[in-house]
Protein chains: 2
Amino acid sequence: MPGRIAILGGTGPEGSGLAYRWAKAGLDVVIGSRDAARAQEAASQLRAKIGPAAKIDGADNGVAAASAEIVVLTVPFSGIAALLKQLKSTWKPGHIVIDTTVPLAATIGGAATRVLGVWHGPAAEQTPELVPKEIPVAAALQNLGAELLAGDAPVDCDVLVCGDDERAKEAAMELVEKIPGARALNGGKLENARIVESLTALLVGLNIRYKVHSAGIRFTGLPGKPPA
Amino acid sequence: MPGRIAILGGTGPEGSGLAYRWAKAGLDVVIGSRDAARAQEAASQLRAKIGPAAKIDGADNGVAAASAEIVVLTVPFSGIAALLKQLKSTWKPGHIVIDTTVPLAATIGGAATRVLGVWHGPAAEQTPELVPKEIPVAAALQNLGAELLAGDAPVDCDVLVCGDDERAKEAAMELVEKIPGARALNGGKLENARIVESLTALLVGLNIRYKVHSAGIRFTGLPGKPPA
């Protein structure tokens, strides 16, 4: 069972969708936000939806991260560096970071069907530069649409987990598989997150062209079957 | 019914796989190669496999392109510019180009799990610069593995078709759907081919990590069902 999960930027659609699925699966979740009151409000709405036994709380981003083992980043790309700088003194041994960031051009007013060119390649490779060396980072969950996560149906999606640290990848894979229908796949090194990130822009384009809201991705030809 | 299809670089595994599937579907195919004799040899091998009625021939790349309506590029990225320069005087009104190129780093001795940074973004956006303005280009078929194409089983794969010209996209989509199991999806503008191209590198990585040969991709959450 994974330890407490802080979802930073968790009042946004992606973060609150993940909070919903994980709290519903019985995990211990804290929603982080710049505004502690908003985070608490989001948490109590989700508790109302799941039931009083749900282990879900809200706090300021720093407090949320400090109280958790796994820190999931769901803020827009334009806010990630400022957030990580603010957390500088929060990190402690044992923390694991899961980065869901996609550098969509929409973050600076461009199109959600395009990604920005990040110096590092993937946005996820910027993150290890902004946290202490000892804190491992995995990139995952970039391609799961917020609308899918907000619902109760199993998602018909694979989730690629990329990273250079096995412990972080395992933690991410474990969390992915708590979401009904989601299959965690080993996406290789963190550098591969650039491809996974750009897939989100492609899915946004498919949503627009096919007038749907939740295009997703499955990989075929792999051993085993994806969960139903 | 599409017109004659020239598959340039068609003696390679990807090109000959496409030639096999299309000739088997009753289409009129000519394999192009730098070496006309090798192209003819590849064509007669495929004819032996499909049956004597197969409309499949081999020729030098230029002769093949001149005789066809649809010109499919399946040469390695490192050879594409030289090939297109050589074809300069071959183009005629009515030609349609379908570019399957992926700028894998393997083309210059690097890893097949990485793509090169092409100035244009996608390799497919270099192609319209190297053919006359009137010749429309669509990018497609980058993610269908050669082993899948060489077999007889339906492929369990979607094929994203990207382009800025509707006629070229329609021709590509029609050809895709001649391959049993393949579903053609509208991938949007040619600029999006950069994402589709990088997906091939990701699939190569999945093949390696999962010890398979034919990882593929399907999109979920779209209207309709993919073909069985």
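You'll find the structure just up there.
Because the structure is predicted, anything quoted here is derived from the model rather than measured.

Chemist: Teacher, can you tell me more about the interface of chain B and chain A here?
Modeler: In many reports, interface size means the accessible area that the parts give up when they come together. Tallying the contact residues gives 33 residues for chain B and 33 residues for chain A. Inspection of the region where chain B meets chain A yields 2 salt bridges. We note a salt bridge from Glu191(A) to Arg114(B), for which the minimum N-O separation is 2.7 Å. Viewed at the interface, chain A and chain B are joined by 13 residue pairs in polar contact (both at pLDDT 80 or more). Within the residue set of the side of chain B that touches chain A, elements represented by two or more residues are β8 (183-188), α8 (193-209) and β9 (216-220) of chain B. Examining the composition of the side of chain B that touches chain A, we find that 8 residues originate from one element, α8(B), more than from any other. Among the residues forming the side of chain B that touches chain A, the class breakdown is 18 nonpolar, 10 polar and 5 charged. Note that strand β9 (residues 216-220) of chain A and β9(B) share 5 bridges and pair antiparallel. Paired with Phe219(A) across the strands is Ile217(B), a residue of β9(B).

Chemist: When you look at the relation of the copies chain B and chain A in this model, what are you seeing that I'm missing?
Modeler: There are two copies of the chain, and a rotation about an axis plus a shift along that axis relates them. Each copy of the sequence occupies a distinct position, and chain B is placed on chain A by a rotation of 180° and an axial shift of 0.0 Å, giving an RMSD of 0.0 Å. Expressed as an axis order, the relation between the two copies is that of a two-fold axis. In terms of proximity to the rotation axis, the leading residue of chain B is Arg218(B), whose C-alpha is 2.6 Å off the axis. Both copies share a contact surface, since 100% of the interface residues of chain B are interface residues in chain A too.

Chemist: It is not clear to me how the pairing of strand β8 (residues 183-188) of chain A should be interpreted in this structure. Could you clarify?
Modeler: Every regular strand shows the same layout, with side chains that alternate between the two sheet faces. Residues and elements named next belong to chain A. Within β8, 5 of the 6 residues are buried, which leaves it mostly tucked inside the rest of the structure. In terms of strand pairing, strand β7 (residues 158-163) meets β8 through 5 bridges, oriented parallel. Each bridged residue has a counterpart across the sheet, and for cysteine 162 the counterpart in β8 is glycine 188. In this fold, the crossover linking β7 to β8 by way of helix α7 (residues 166-176) has right-handed handedness.

Chemist: I would appreciate a short explanation of the side chain of Glu191(B) in the present structure.
Modeler: Mapped onto the secondary structure, Glu191(B) falls in the loop between β8 and α8. A polar contact is formed between the side chain of Glu191(B) and the side chain of Arg114(A), at a distance of 2.8 Å. Apart from residues lying up to four places away in sequence, Glu191(B) is in contact with Arg114(A), Pro122(B) and Glu125(B).

Chemist: Can you walk me through the side chain of Thr127(A) in this structure?
Modeler: Residue and element names in this part refer to chain A. Tracing the backbone through its elements, the reader meets threonine 127 in helix α5 (residues 127-130). Since its relative accessible area comes to 0%, threonine 127 is described here as buried. A distance of 2.6 Å separates the side chain of threonine 127 from the side chain of aspartate 99, its partner in a polar contact. Not counting the four nearest positions on each side in its chain, threonine 127 is found in contact with Leu73, Leu84, Val97, Asp99 and Val137.

Chemist: Mind showing me how you'd approach the packing of helix α1 (residues 13-24) of chain A against helix α2 (residues 36-50) of chain A here?
Modeler: Between two packed helices, what matters for the description is the angle formed by their axes and the separation of those axes. All names here are of chain A. Remark: α1 packs on α2, axes separated minimally by 10 Å, with the N-to-C direction vectors making an angle of 45°. Of the possible angle classes, the one that applies to α1 and α2 is oblique. Crossing angle aside, the handedness with which α1 passes α2 is right-handed. In this structure, α1 contributes Ser16, Ala19, Tyr20, Ala23 and Lys24 to the contact, and α2 contributes Leu46, Lys49 and Ile50.

Chemist: Hey, could you run me through the state of the cysteines in this one?
Modeler: Where two cysteines share a covalent bond between their sulfur atoms, that bond is called a disulfide. Considering all chains together, one arrives at 0 disulfides over all chains under this definition. The closest cysteine sulfur to the non-disulfide-bonded Cys157(A) is located on Cys162(A), 16 Å from its own sulfur.

Chemist: Help me understand the sheet that holds strand β4 (residues 70-73) of chain A in this model?
Modeler: All names here are of chain A. Across the sheet, which stays open at both edges, the 8 strands sit in the order β3-β2-β1-β4-β5-β6-β7-β8 with mixed pairing between neighbours. Lying at the two open borders of the sheet, with one neighbouring strand each, are β3 (56-60) and β8. Taken pair by pair, the neighbouring strands of this sheet meet at an average axis angle of 25°, ignoring direction. Sheet analysis places strand β5 (residues 96-99) next to strand β6 (residues 137-139), joined by 3 bridges and oriented parallel. Its bridge partner being in β6, aspartate 99 is matched across the sheet by alanine 139.

Criteria and thresholds
- Every residue gets a number counted from 1 within its own chain, in the order that chain's sequence is written.
- Working convention: letters from A go to chains and numbers from 1 go to ligands, in the order in which they are written.
- With the structure being a predicted model, the display of local features is reserved for residues of pLDDT at least 70 and the display and counting of side-chain atom pairs for 80 or more, all residues being used for whole-chain, interface and lining totals.
- Hydrogens are left out, water is left out, and the side-chain values use all remaining heavy atoms of the structure.
- Contact criterion: two residues are considered in contact whenever any of their non-hydrogen atoms come within 4.5 Å of each other.
- The salt bridge criterion pairs a side-chain nitrogen of Lys or Arg with a carboxyl oxygen of Asp or Glu, the two atoms within 4 Å.
- The definition of a polar contact used here is a pair of N or O atoms within 3.5 Å, where within protein one atom must be able to donate a hydrogen and the other to accept one, and adjacent residues in sequence count solely through side-chain atom pairs.
- In this text, helices come from DSSP runs of H or I with a minimum length of four residues, and strands from runs of E with a minimum of two, each type numbered from the N-terminal end.
- Classification convention: Asp, Glu, Lys, Arg as charged; Ala, Val, Leu, Ile, Met, Phe, Trp, Tyr, Cys, Pro as nonpolar; all other residues, Gly among them, as polar.
- Paired strands are those between which DSSP finds at least two bridges.
- When the copies are superposed, the least-squares fit takes in the C-alpha atoms of residues with a pLDDT of at least 70 in both.
- Relative accessibility thresholds used throughout: buried, under 20% of the residue-type maximum; exposed, over 50%; partly exposed, between the two (1.4 Å probe, protein chains only).
- If you view a crossover with the strands going away from you and the path from the first strand over the helix to the second runs clockwise, you call it right-handed.
- With axes taken as lines fitted to C-alpha atoms, and helix axes fitted only over the stretch in contact, angles between N-to-C directions fall between 0 and 180 degrees.
- Roughly parallel covers angles under 35 degrees, roughly antiparallel covers those over 145, roughly perpendicular covers 65 to 115, and oblique covers all other angles.
- We call a crossing left-handed when the near helix sits turned anticlockwise from the far one by less than a right angle, and right-handed when that turn is clockwise.
- Note that a disulfide, as used here, is simply two cysteine sulfur atoms within 2.5 Å.

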